[in-house]
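Tertiary structure, described
So the chains spell out like this:
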Amino acid sequence: EDLPQDLRTVWHQSVTLHNLQPGRRRRIDLLLQQDQGEEPAASGYVSTIPEALPRIPDQPYVVLLGSCFAWYQDQAGLVRLNVKNLPDPYKPDLKILCGDQVYLDNPAIEAPVRTCASLATRLFQKYAETWFQGDQRCGFGAFLSDSCTYFMADDHEFWNNHPNWSPLLTLKKWPLPFINQWNDQTWIRYGEDLYAAFQSSGKGSPQQFSLGSIDFFLLDTRFSRQKGSANFTDTQQLTQVTGW
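Note that this is a predicted model, so its numbers are computed, not measured.

**Regarding the packing of aromatic side chains**
Tallying each qualifying case throughout the model produces 16 aromatic pairs. Here W131 and F151 contribute two aromatic rings whose centre-to-centre distance is 6.1 Å and whose plane-to-plane angle is 35°, an arrangement assigned as tilted. Taken as a pair, W131 in helix 2 (residues 116-131) and F151 in strand 5 (residues 148-151) lie far apart in primary sequence, 20 residues in all. Consider the rings of F209 and F216, whose centres lie 4.5 Å apart with planes at 10°: the pair is stacked. By the burial criterion, F209 is buried, and F216 matches it.

Written as structure tokens, this is what we have:
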């Protein structure tokens, strides 16, 4: 609610699709309802998980594991082309991006902000710069549209070494703390809301799926992490993963 009205330009919605056949690739189109009819706004390709692992000579099922994407280190927007130009047997059917898809605390040299609206604006813009980096052919958004993605958060979805103190976070504040309208909890709330809008509405819930005889358990170690170094997740999630 602290984001200025003129920046409330991203709408997000979760839609569950039922009765899909396993092991099939489909194109998904987003259509906007206009006065003159439906208008295509975005498209992407998704592949449902097969019931069994493929066998030679069939094409393998490829899972890409990645993290730490800083859009400003890829000014040319080559992230999608690097994957698209892989030989066909190595192109991913599914992606697991396990954190630091954004760097909300960088760069360290940017001017501090005082108001909650200014902080909300800056963090939103960093997501927008990442998701709309490059163009529709080669940037990060195009990379995401090629296949399904599981998202997980790491510290830079908030700040370096979150939830512990960070000098980078201190540099974001005005020299006199009492004139700041925001605090660390404000930053955390904005980070959680943006993660839910852009990455996963689960906001740190464990994610599980099976690929034939291989089981995957994606454990969040950021949303439930406590200050210090003792507890990287909560008791409930730890019980789930040990039971798994």
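Read on for the rest.
**Considering the environment of Y190**
Within the fold, Y190 resides in helix 5 (residues 184-198). Along the primary structure Y190 and L119 are separated by 71 residues, whereas in three dimensions their C-alpha atoms are 8.6 Å apart. The contacts of Y190, once residues within four sequence positions are left out, are D2, C116, L119, A120 and L123. At 3.5 Å, the side chain of Y190 and the backbone oxygen of C116 are in polar contact.

**Brief notes about the side chain of D100**
Note that D100 resides in the loop between strand 4 (94-97) and helix 2. Separated by 3.0 Å, the side chain of D100 and the backbone nitrogen of H156 make a polar contact. The residues contacting D100, other than those within four sequence positions of it, are C68, F69, D154, D155, H156 and E157.

**Quick word on unusual backbone geometry**
In this structure, the amide linkage connecting N106 to the following residue, P107, adopts the cis form with an omega of -5°. Relative to the helices and strands, P107 is located in the loop between strand 4 and helix 2. Phi angles above zero are rare outside glycine, and D100 is one such case at about 60°. A residue is classified by how much of its surface remains accessible, and D100, at 5% relative accessible area, is buried. Even without being a glycine, N161 presents a positive backbone phi close to 75°. Mapped onto the secondary structure, N161 falls in the loop between strand 5 and helix 4 (167-171).

**Brief notes about the pattern of salt bridges**
Should their charged atoms come close, side chains of opposite charge can pair. Here the structure, examined in full by the defined rule, presents 8 salt bridges. The closest approach of N and O atoms between K91 and D88, which form a salt bridge, is 3.1 Å. The exposure class assigned to K91 is partly exposed, which follows from its relative accessible area of 30%. K173 serves as the salt-bridge partner of D184, at 2.9 Å between the closest nitrogen and oxygen. Placement of the pair is D184 in helix 5 and K173 in the loop between helix 4 and helix 5, with a sequence separation of 11 residues. D184 gets classed as partly exposed once you look at its relative accessible area, which sits at 26%. Each of E110, R122, K126 and K172 takes part in salt bridges that share partners, so that together they form one network.

Calculation notes
Residues numbered from 1 in each chain as written. Predicted model: local features only at pLDDT ≥ 70, side-chain atom pairs only at ≥ 80, totals over all residues. Heavy atoms only, no water. Phe/Tyr/Trp six-rings, centres within 6.5 Å; stacked < 30°, edge-to-face > 60°. Helix = DSSP H or I, 4+ residues; strand = E, 2+ residues; numbered from the N terminus. Buried < 20%, exposed > 50% of the residue type's maximum accessible area, 1.4 Å probe, protein only. Contact = heavy atoms within 4.5 Å. Polar contact = N/O pair within 3.5 Å; in protein donor to acceptor, adjacent residues only side chain to side chain. Salt bridge = Lys/Arg side-chain N within 4 Å of Asp/Glu carboxyl O.

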